[in-house]
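# Observations on chain architecture
Below, each chain spelled out in residue letters.
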Amino acid sequence: MRTTRTAAAALLTAVALTVTAAGCSSSGGKDSENDTTDTSGGGKPAATPRMTLAMVTHSGEGDTFWDIVQSGAKTAAAKDNVEFLYAANKEGKEQAALIDSYVAKKVDGLIVTLAKPEAVKASVAKAVAAGIPVVTINSGGQHSKAFGAISHIGQDEAVAGEAVGEELTARGRKKALCVIHEQGNVSLEERCAGVKKTFKGTVENLNVEGTNMPAATSSIEAKLQSAKDIDAVVTLGAPFAAASVKAKQSAGSTAEINTFDLNAAVVAQLKAKQIGFAVDQQPYLQGYLAVDGLWLHKDNLNIVGGGKPVLTGPALVTEKDVPVLEELTGRGTR
C-alpha cells in the first residue's frame, strides 16, 4: 500500500485520532433513516447524554461505497451513545431538502457531503444559523469552511487524481479514459482533472449514467470499441470497475482497468489481476471520524483537525496488498 507524500502525515493523524477516540470510550443510496443503537462492537456506550446526529449524502441507489461510510459512522455512534440517522439523494435539490428536514428536527449535529455545493449551500447555512454544528465529508472540501462547517474529512480529490496520473505514467500508459458516473459532481471532475494534470499521455472523459449499470457498461464498451488506442480506463467508483472489466472483455480491448475506491469486489479483482490498482480513501474512517468529531465537539468543544481538512487518502493499493485487505473488506470496514 503506497500513500502519497502529500497525504501521509494527515493519514497518520487521522488514524491516531481514531485510536485515541476508541480508547476513550444498510443499504447505500436509500432515502431513509437508520437509528443505530447497536453496541455489539464491545463495551458500554459513553456516559455522555444521548444525542442525535444525521448524515445526508449524495449517494445514488445501490452505491455500496456509502455502506462502508455508514458502517464507520454506526460503530462510532454505538460507542458514543449517539442516535445516528441517514438519508441520501443524488439530486442536489433533494439533498438540500433532506438537510432542511433534519434542521427542522433540531438534530444535535449534521454530516453533509458537498458534491453539488451550490445546491446545498443555503441548507447548510440554515443549519449553522440554527446552532447545529456541521461536519462535511468526502466531497467539496474546498467549500467546507466557507459554508460554516467546523471540519472536513476526506481525501483531496485533486491530489488523488494526480497520484493516479503519475501511476499511469509509471506503468507506461499512453491514453486514458476517465469515466464520470455522476455529471455535476465536483469531486469526480476534480479527480479526472488531477489525472490529466500529471499523466504524460492523453486523457478523455466519458460521462455515463451511474444509476443504470447496464447503460454505463454499454457506454464504456462502445468507447473501447471505437477507440482501440485507449490503454487505460480509470473509473471513479468501485462498482464501475466491474462494469469496465465486463465492457473490456466484450469490446476485445487490452486496456488496463484501474479504479478509485475499495471494497471486497475490487480486492477480488485485484487478486484476479482484472484491475491494476485502486485508490483507497478509507470511507469507514470518514464516517467514524465525522460522528466521533461531532460527539467530541458537543461534549468537549473539540474540533478535529483544528479547522483544517483531515485527509483520509489517497493510498494506492495493488495485488500485493490483497492478503491484508481481504479480511478487512470482507467485514465491511475497508
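Residues numbered from 1 in each chain as written. Predicted model: local features only at pLDDT ≥ 70, side-chain atom pairs only at ≥ 80, totals over all residues. Heavy atoms only, no water.

All right, on to the nonpolar core then. Judged by nonpolar contacts, the single largest core of 30 residues is most densely connected at M55, F84, I111, V135, I137, I153 and V291. Elements supplying a minimum of two residues to this core: β2 (51–57), α2 (65–80), β3 (82–88), β5 (134–137) and α11 (283–300). Tallying contributions element by element places α11 first for this core, with eight residues. (Core = buried A, V, L, I, M, F, W, Y, C linked by side-chain atoms within 4.5 Å. Buried < 20%, exposed > 50% of the residue type's maximum accessible area, 1.4 Å probe, protein only. Helix = DSSP H or I, 4+ residues; strand = E, 2+ residues; numbered from the N terminus.)

This part is about helix α9 (residues 239–251). Side chains that are three or four residues apart share a direction in an α-helix, a result of its 3.6 residues per turn. Taking 1.5 Å per residue as the helical rise, α9 with its 13 residues ought to reach 18 Å, and the 19 Å between its terminal C-alpha atoms agrees with that figure. All of the buried residues in α9 are F240, A241, A243, S244, V245, A247 and A251. Where α9 is buried, its residues touch α8 (213–226), β9 (232–235), β10 (256–260) and α10 (264–271). One or two steps after α9, the chain reaches G252, where phi turns positive at roughly 70 degrees. (Expected span 1.5 Å × (residues − 1). Contact = heavy atoms within 4.5 Å.)

Let us now look at the pairing of β3. For β3, a buried count of six out of seven residues is recorded, marking the element as mostly surrounded by other parts of the structure. Sheet analysis places β2 next to β3, joined by seven bridges and oriented parallel. Bridge pairing in β3 links T57 to A88. You can see the chain leave β2, run along α2 and come back into β3, and the turn it takes is right-handed. (Pairing = 2+ DSSP bridges. Right-handed = clockwise from strand over helix to strand, strands pointing away.)

Among the structural elements, S123 can be located in helix α4 (residues 117–129). Judged by relative accessible area, S123 falls into the buried class, the value being 4%. Separated by 20 residues in the primary sequence, S123 and V103 place their C-alpha atoms 8.5 Å from one another. Not counting chain neighbours up to four residues away, the residues in contact with S123 comprise A96, I99, D100 and V103. One polar contact links the side chain of S123 to the main-chain carbonyl oxygen of A96, over a distance of 3.2 Å. (Polar contact = N/O pair within 3.5 Å; in protein donor to acceptor, adjacent residues only side chain to side chain.)

A cis amide bond, omega 10 degrees, links G313 with the succeeding residue P314. Its place among the elements puts P314 in the loop between β12 (310–311) and β13 (315–317). Of note, the phi angle at N138 is positive, near 75 degrees, even though the residue is not glycine. One non-glycine residue, D261, lies in positive phi territory at about 80 degrees. A relative accessible area of 6% means that D261 is categorised as buried.

Okay, the pattern of salt bridges next. Following the criterion strictly, the structure yields 16 salt bridges and no others. A salt bridge links E256 to R171; the shortest N-O distance between them is 3.0 Å. Note that E256 is positioned in strand β10 and R171 in the loop between α6 (157–170) and β7 (175–180), a separation of 85 residues in sequence. Its relative accessible area of 14% is what places E256 among the buried residues. By relative accessible area, R171 is classed as partly exposed at 28%. (Salt bridge = Lys/Arg side-chain N within 4 Å of Asp/Glu carboxyl O.)

Turning to the environment of I68, a few remarks are in order. Within the secondary structure, I68 is located in helix α2. Assessed through its relative accessible area of 8%, I68 is described here as buried. Here the alpha-carbon distance between I68 and Q286, two residues 218 residues apart in the chain, equals 9.2 Å. Those residues within four positions of I68 in sequence are excluded, and the remaining contacts are L262, N263, P283, Y284, G332, T333 and R334.

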